[in-house]
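# Inside the fold
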Amino acid sequence: MKRAWAIGLALVLGAWVGHHAYHLAPVEIEGHAWNIGGALSRLILIGLVVWLVRSPLVDVPASWFAAEEAQAVGCTVAYIIKPWPMVPGEEKCSAALGLPLQTACLVALLWVAVWLADKRKERG
């Protein structure tokens, strides 16, 4: 019963952070706050999944997913504090670092997928 309560609470918290917490931000940065809230809500859900399923098969992809969400939060907060020039449609982190982070992230996700497929073959 305690575990179900904690899971329910995490889901409510994730929903509130993702869909309602941005209203706490000043109106001029609500869009950025919405992005931060979405990433934080996904971090809550990732944490919940890792807590429920203790396995490297979950931990590895969850860690990468969490790193991407943490990066989204960090870049958005940094942009709020000190904006930098961006081309319309460009990602904040990529613009800040001058690197195509989306490509690097896709390569990492493909690596995780190959790793998972290999682990599945090992288990038969």
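The model shown is predicted, which means the values in this text are computed figures rather than measured ones.

Counted according to the given criterion, the structure contains 1 disulfide. Disulfide partner of Cys75: Cys93, at an S-S distance of 1.7 Å. Here Cys75 and Cys93 share a disulfide; its torsion about the S-S bond, 125 degrees, makes the bridge right-handed. Remark: Cys93 occurs in helix H4 (residues 92-97) and Cys75 occurs in helix H3 (residues 56-81); sequence separation between them is 18 residues. Judged by its relative accessible area of 8%, Cys93 is buried. The structure places no disulfide on Cys105, whose sulfur is separated from the nearest cysteine sulfur, that of Cys93, by 8.6 Å.

Together, Val49, Trp51, Leu52 and Val53 make up a nonpolar patch on the protein surface, roughly 310 Å² of accessible area in all. Within the secondary structure, Trp51 is located in helix H2 (residues 30-52).

In total, this model carries 2 aromatic pairs according to the counting rule given. Consider the rings of Tyr22 and Trp34, whose centres lie 5.2 Å apart with planes at 85 degrees: the pair is edge-to-face. With Tyr22 in the loop between helix H1 (2-19) and H2 and Trp34 in helix H2, this residue pair connects regions lying 12 residues apart in the sequence. Residue Tyr22 is classed as buried on the basis of its relative accessible area of 19%. Each ring, one from Tyr79 and one from Trp84, has its centre 5.0 Å from the other, and the planes form 85 degrees; the classification is edge-to-face. Overall, the relative accessible area of 18% leaves Tyr79 in the buried class. Here the basic side chain of Arg3 rests over the ring of Trp51, its NZ or CZ set 5.0 Å away from the ring centre. The positively charged end of Lys92 is found above the aromatic ring belonging to Tyr79, 5.7 Å away from the centroid.

The subject of this paragraph is H1. Between the first and last C-alpha of H1 there are 26 Å, a value that for 18 residues agrees with the 26 Å anticipated at 1.5 Å per step. Along H1, the residues that are buried comprise Ala10, Gly14, Val17 and Gly18. The arc that holds every buried residue of H1, seen down its axis, measures 90 degrees, which confines them to one face. In H1, the exposed positions angled more than 90 degrees off the buried face are occupied by Trp5 and Val12.

To characterise two packed helices, one gives the angle between the axes of the helices and the distance between these axes. As a packed pair, H3 and helix H5 (residues 101-123) sit with axes 10 Å apart at the nearest point and diverge in direction by 170 degrees. What the angle tells us is that H3 and H5 run roughly antiparallel. Two secondary-structure elements touch here, H3 through Pro56, Leu57, Val60, Pro61, Trp64, Glu68 and Gln71 and H5 through Leu101, Cys105, Ala108, Leu109, Trp111, Val112, Trp115, Leu116, Lys119 and Arg123. Per-class residue counts for the contact of H3 with H5 are 13 nonpolar, 1 polar and 3 charged.

On to the pattern of salt bridges. One pass over the structure, following the stated rule, counts 2 salt bridges. Salt-bridge contacts for Arg42 lead to Glu69; the nearest nitrogen and oxygen are separated by 3.1 Å. Taken together, the residues Arg42 in helix H2 and Glu69 in helix H3 connect sequence positions 27 residues apart. Among the residues examined, Arg42 registers a relative accessible area of 35% and is labelled partly exposed. Ionic pairing is found between Glu122 and Lys119, a salt bridge with its closest N-O pair at 3.6 Å. Here Glu122 pairs with Lys119, and both are found in helix H5, just 3 residues apart, close to one helical turn. Classification of Glu122 as exposed rests on a relative accessible area of 55%.

So, how was this worked out
Residues numbered from 1 in each chain as written. Predicted model: local features only at pLDDT ≥ 70, side-chain atom pairs only at ≥ 80, totals over all residues. Heavy atoms only, no water. Disulfide = S-S within 2.5 Å. Helix = DSSP H or I, 4+ residues; strand = E, 2+ residues; numbered from the N terminus. Buried < 20%, exposed > 50% of the residue type's maximum accessible area, 1.4 Å probe, protein only. Patch = residues over 30% accessible without salt bridge, like charges linked within 9 Å, V, L, I, M, F, W, Y side chains within 5 Å. Areas by Shrake-Rupley, 256 points an atom, 1.4 Å probe, with all protein chains shown as cover. Salt bridge = Lys/Arg side-chain N within 4 Å of Asp/Glu carboxyl O. Phe/Tyr/Trp six-rings, centres within 6.5 Å; stacked < 30°, edge-to-face > 60°. Lys NZ or Arg CZ within 6 Å of the ring centre and 35° of its normal. Expected span 1.5 Å × (residues − 1). Arc of directions from axis to C-beta. Axes fitted to C-alpha atoms, helices over the stretch in contact; angles between N-to-C directions. Parallel < 35°, antiparallel > 145°, perpendicular 65-115°, else oblique. Contact = heavy atoms within 4.5 Å. Nonpolar A, V, L, I, M, F, W, Y, C, P; charged D, E, K, R; others polar.

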